[in-house]
Amino acid sequence: MEKCLEAYLEKVEKCLKPLPGSERVDIVKEIKSEMLELQAEGKTAEEVVARLGKPGELAKAYLGGLITKDTSFSWKKVLALCAYYSVAWLSGLFVIPVLIICAPAFMLCGILAPLLGAVKLVDTVLRLGLPGVQYIGITGVSSPVLVFVLSAVFGVALFLAGYGCWRLLVLYIKRMGRVKTGLSL
């Protein structure tokens, strides 16, 4: 077996460390068997790794499957739960909440920035004297036309950042929702 496939199996096994040795060995054997089948079908090592996905996600899928398989209490299940959440803690505590907050906040700022720049421009050109407009601007830029142009550029950048965060959130949730059967193993 090629070195990249061996390294992949080692990473999966490392993620499954909290499980009992026999369970871990069975899972690694099953993945290795699938790898050999894919290679027998003519797939390269890189294609096999791409098909299986990230080692941590694959391990998490197996752990999730072990957790939901049986509803009775067992120490094996407690260990599987610990292993699953040790692999998945990042999403629950950091990634998902940050993306949920950043996506709409960036998009809203991306919409408001050009609007405020336009208000500043219209107020200056028409000399309306709207209250609070003097606080709209960019430090060091006195021209209302330049303020509008820069706010439009920043608005587009912020909106795209928000949209990117949203796409990342959707992609992350889809990948987190995969289970072992979805990986065709």
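Preceding this section is the structure that the text describes.
Cut-off values and rules
Residues numbered from 1 in each chain as written. Predicted model: local features only at pLDDT ≥ 70, side-chain atom pairs only at ≥ 80, totals over all residues. Heavy atoms only, no water. Helix = DSSP H or I, 4+ residues; strand = E, 2+ residues; numbered from the N terminus. Buried < 20%, exposed > 50% of the residue type's maximum accessible area, 1.4 Å probe, protein only. Contact = heavy atoms within 4.5 Å. Areas by Shrake-Rupley, 256 points an atom, 1.4 Å probe, with all protein chains shown as cover. Patch = residues over 30% accessible without salt bridge, like charges linked within 9 Å, V, L, I, M, F, W, Y side chains within 5 Å. Salt bridge = Lys/Arg side-chain N within 4 Å of Asp/Glu carboxyl O.

1. Some thoughts on the overall build of the protein chain
Argument step 1. From N to C terminus, the protein chain includes 6 helices and 0 strands.
Argument step 2. Beginning at the N terminus, the succession of helices and strands in the protein chain can be written as α-α-α-α-α-α.
Argument step 3. For the protein chain, with 185 residues in total, the buried portion stands at 30%.
Argument step 4. Contacts spanning at least 24 positions in sequence make up 68% of the contacts within the protein chain whose residues lie at least 6 apart.
Argument step 5. Total accessible area on the protein chain stands at roughly 11,600 Å², and carbon and sulfur atoms take up 68% of it.

2. Description of a nonpolar patch on the surface
Argument step 1. A contiguous nonpolar surface patch, about 820 Å² in accessible area, is contributed by Leu108, Ile111, Leu112, Leu115, Leu116, Phe159, Tyr163, Trp166 and Val170.
Argument step 2. The dominant element in the nonpolar patch, judged by the number of residues it contributes, is helix H5 (residues 75-126), at 5 residues.

3. Observations concerning the pattern of salt bridges
Argument step 1. As enumerated under the stated definition, the model contains 1 salt bridge in all.
Argument step 2. Between Glu13 and Arg24 there is a salt bridge; the shortest N-O distance is 3.7 Å. Of the two residues, Glu13 is situated in helix H1 (residues 3-15) and Arg24 in helix H2 (residues 21-40); the sequence distance between them amounts to 11 residues.
Argument step 3. According to the relative accessible area criterion, Glu13 is partly exposed, its value standing at 28%.
Argument step 4. With relative accessibility at 14%, the residue Arg24 sits in the buried group.

4. Here's the deal with the side chain of Ser151
Argument step 1. In this fold, Ser151 is placed in helix H6 (residues 144-177).
Argument step 2. Given the relative accessible area of 8%, Ser151 is considered buried.
Argument step 3. With residues near it in sequence (within four places) discarded, Ser151 still touches Ala113, Pro114, Gly117 and Ile138.

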